[in-house]
Each structure stands twice: as C-alpha cells, then as structure tokens.
Amino acid sequence: MRTKCFQDLMRVLDREKPVIIQAHDYPDHDAIGSGFSLLSLLRDFGFRCEFCYGGEVQGFSVADIITNLHIPLVPASLLRIGGDAQIILVDAVAGNTNVTRLTDLPLTGIIDHHQPPEKIPECPFVDIRPEAGSCSTIIYQYYLETMTEPSRDVATALLTGLMMDTAQMTRGVGPVDLAAFSGLFFKGDWEGAVYILRNSFSIQDIPTLRYAFDHYYRHDSVCFVELEPSAGTAEAPAEKVRPELPGLISDYFLRMQEIHFVVTSKVESSVCRLSLRSEDPRLPADLIVKRALEGIGEGGGHPHMSGGTISGDSIPGGPGLRERFLTVIEKFLHENKE
Ligand SMILES: [Mn+2]
C-alpha cells in the first residue's frame, strides 16, 4: 500500500470548509493522541478544525489526559455538522460498529494503523499503515514531513498513544515507532505519560479482577475470561466494567507464562465485546477473531491485539464462543505446524 503523506491530505482539504476529525467511539489513548496532534497540525496550516468522538469518554486515565493536556475534544452529539464538513477518521476502521456515523456525508480521509477490511471505502485520502504500532506514529511522521515542532502537550499525547498501543514498546514495534519514540520522548512530559500508563488499574476494579481470577477457562495456552452477567455474580456485574478493563485483563493474563492467547469478553446491553491478545506468532489475533465470529459478528485489529463485537440474538454464550475460537485456533495451529 502506498504511503500517503500530509501534503496529499492538504491537497484534498478545502481551507474554506470545516474539518472534523473523528476518533472511534469510547476513544482510547492512541485515538486521542493522533486526533489531537492532527488537529494541532491542521490548525497550524490554517484549517478550521474540530476534534470529536462518538459514545463517551470512559475511564479515569483517558479523562486525565484530556484535562491535563488541554485537549479540545467534543462529543459528536454537540457538534453541528453542516453539509460542507470534511470528515477525517483517525485510529478507526470506517464502517465498524465502534464508529458512530456523524452524517450522511462521505468521509474525506481515513488515517489508521489497523489491518484494513478487504474493501476499503472510497475516500479521497486514505493512509492506512498496519505496520505502524500506533496511529500516533503516523501523525508524528506528518510533523517530521512538514518540519513542524510539536508542542509539549502534543508530544506528550503522541507519546502516550504510542506507548499504550505498543504496551510500552514491547509489541508491534517497527522502525517508524522507534523513531517516533526517540523523537518524542524528551519533547513531551515522559514522566507524566509513563505515570498514566503505569496506573491503569483502580481499586474499584478489584471485584472484577477477582472474578476473572476465579472464573477463567484455560485450554492449553489459550485462556478465556467471560465477564457476562449470566456467568457473573453480584461481585462482578458486567454493567460496571469500564470499557478498557477487558483489554487490561487480557494483557494481564498474557503475562502468565503458560498462556499465549487470551479472549476476554463482556456482555452489556445485549452487546458482547471481545478483547484479544496473542503472543503466539502462529495465532494472529486479528484473523482469528474475524474467522471465529464469521456470520455472528465482526472483529479485527492487529496480530498481537484485536477486538470484536456480537449483537443481540447472535451472542452464542460462553461455551459456544469458546468452541468457535478453539476450532479456529486448532486450524491455525495445524496450518502453521513446523
Ligand atoms: Mn491505535
């Protein structure tokens, strides 16, 4: 895929019309870092920009970043989007259920680092680089390209996005990520960024963590954690699970030396959300979730980290879900046998 550049983006944008940068719903650190830095860069070049998200901002860590770094992020529901808006999606796959459709207007740009769907939507500017460890890395490249010095807040936001998505530079790291890391580290408040990343759990998560430790299922090196109300107790109602917790739980279980693949799921308001992690190169989490949810839901992401959703009557329940994954995993292991 040809790498696009910031010049190409500026060429397709009209300075007379508003630019709306949209992060995926319930934005995470990388969505916020990349959206905020793109907003600053476009404003430097004379564009009128807003930065918005669907869903809500959840989690103390993301909320802290928005406040501390003075990020002008607005809920999409508060924006009045006119017919001349130019919408750019960051850190998100167009058409996925985690991207609220703001208007009937077609997208003007997509900037992302997730594995793209087979059919990439028609769009004037598409810069999708699955080889980048974070979307923040891509935007940092735009700063290099235009020789723009990021402000301290922008550098900190980019660094936080990069470090979060790469689990502190331990997964999915490519040469561009390393260049971004070394370029940003002392430009931003690295101690602030590291503090946020190190303090991702809260005392309030303990009942859910306890539930996870008491109720996980393990099949060889594969582990399932199901935070669904039907399997739960009053100690761990899934309704109270913060959206980033399943990912953190998957990360945590992956640290067990016996476990190389983790699927954490939670069911909330008739939607089952899955968070997957893999450290087995034979088991790419993005392809496996896609295959396991075929016909019942959608999923995608990266080989080391992916997610998925299943809605309503299609939710198969714990045993059914495990069965689907184990069948697919078995096939992958068989195909990739040395
Ligand atoms: Mn990302």
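Residues numbered from 1 in each chain as written. Predicted model: local features only at pLDDT ≥ 70, side-chain atom pairs only at ≥ 80, totals over all residues.

Draft legend 1. Structural view of the overall build of the protein. Each helix and strand counted, the protein has 11 helices and 12 strands in total. The globule rule puts the C-alpha radius of gyration for 338 residues at 20 Å, and the 20 Å found for the protein is close to it. Each principal axis of the C-alpha atoms in the protein carries an extent, and together these give about 55 × 45 × 40 Å. The long-range share in the protein, meaning contacts at least 24 apart out of those at least 6 apart in sequence, stands at 64%. (Helix = DSSP H or I, 4+ residues; strand = E, 2+ residues; numbered from the N terminus. Rg over C-alpha atoms; globule rule 2.2 N^0.38 Å. Contact = placed C-beta atoms within 7 Å.)

Draft legend 2. Looking closely at the packing of helix α5 (residues 152-165) against helix α7 (residues 190-198). Two numbers describe how α5 lies on α7: the axes approach to 9 Å, and their chain directions differ by 40 degrees. The crossing of α5 and α7 is right-handed. Seen from α5, the contacting residues are Thr-156, Leu-159, Thr-160, Met-163 and Met-164; seen from α7, they are Trp-190, Gly-192, Ala-193, Ile-196 and Leu-197. Class assignment of the residues belonging to the contact of α5 with α7 gives a composition of 7 nonpolar, 3 polar and no charged. (Axes fitted to C-alpha atoms, helices over the stretch in contact; angles between N-to-C directions. Left-handed = near helix turned anticlockwise from the far one by under 90°. Nonpolar A, V, L, I, M, F, W, Y, C, P; charged D, E, K, R; others polar.)

Draft legend 3. Quick peek at the domain arrangement of the protein. Looking at the assigned domains, one finds that the protein contains domain 1 (6-198) and domain 2 (203-335). Of note, the centres of domain 1 and domain 2, computed from C-alpha atoms alone, are 26 Å apart. A per-class count over the side of domain 1 that touches domain 2 returns 3 nonpolar, 7 polar and 2 charged. (Domains from an automatic or database assignment.)

Draft legend 4. Structural context of the nonpolar core. Ranked by size, the top nonpolar core spans 55 residues in total, and within it Ile-21, Ile-32, Leu-89, Val-90, Ala-157 and Leu-158 carry the most contacts. Sort the elements by how many residues they give to this core and α5 lands first, with 8 residues. Contact partners of Val-90, with chain neighbours within four places excluded, come to Ile-21, Ala-23, Ala-31, Ser-34, Gly-35, Leu-38, Ile-111 and Cys-135. Within the second largest apolar cluster, 31 residues are counted, among which are Val-222, Leu-274, Val-289 and Phe-325. (Core = buried A, V, L, I, M, F, W, Y, C linked by C-beta atoms within 7 Å. Buried ≥ 20, exposed ≤ 12 C-beta atoms within 10 Å, placed from the backbone.)

Draft legend 5. Structural view of the sheet that holds strand β5 (residues 109-112). What the 6 strands build is an open sheet, ordered β3-β2-β1-β4-β5-β6; its pairing is parallel. On the outer flanks of this sheet lie β3 (73-75) and β6 (125-128), each paired with one strand and no other. Strand-to-strand, the axes of this sheet are offset by a mean angle of 25 degrees, without reference to chain direction. The sheet contacts of helix α2 (residues 29-44) involve β1 (19-23), β2 (49-53), β3 and β4 (86-90), and relative to β1 the element is tilted by about 165 degrees. (Pairing = 2+ DSSP bridges.)

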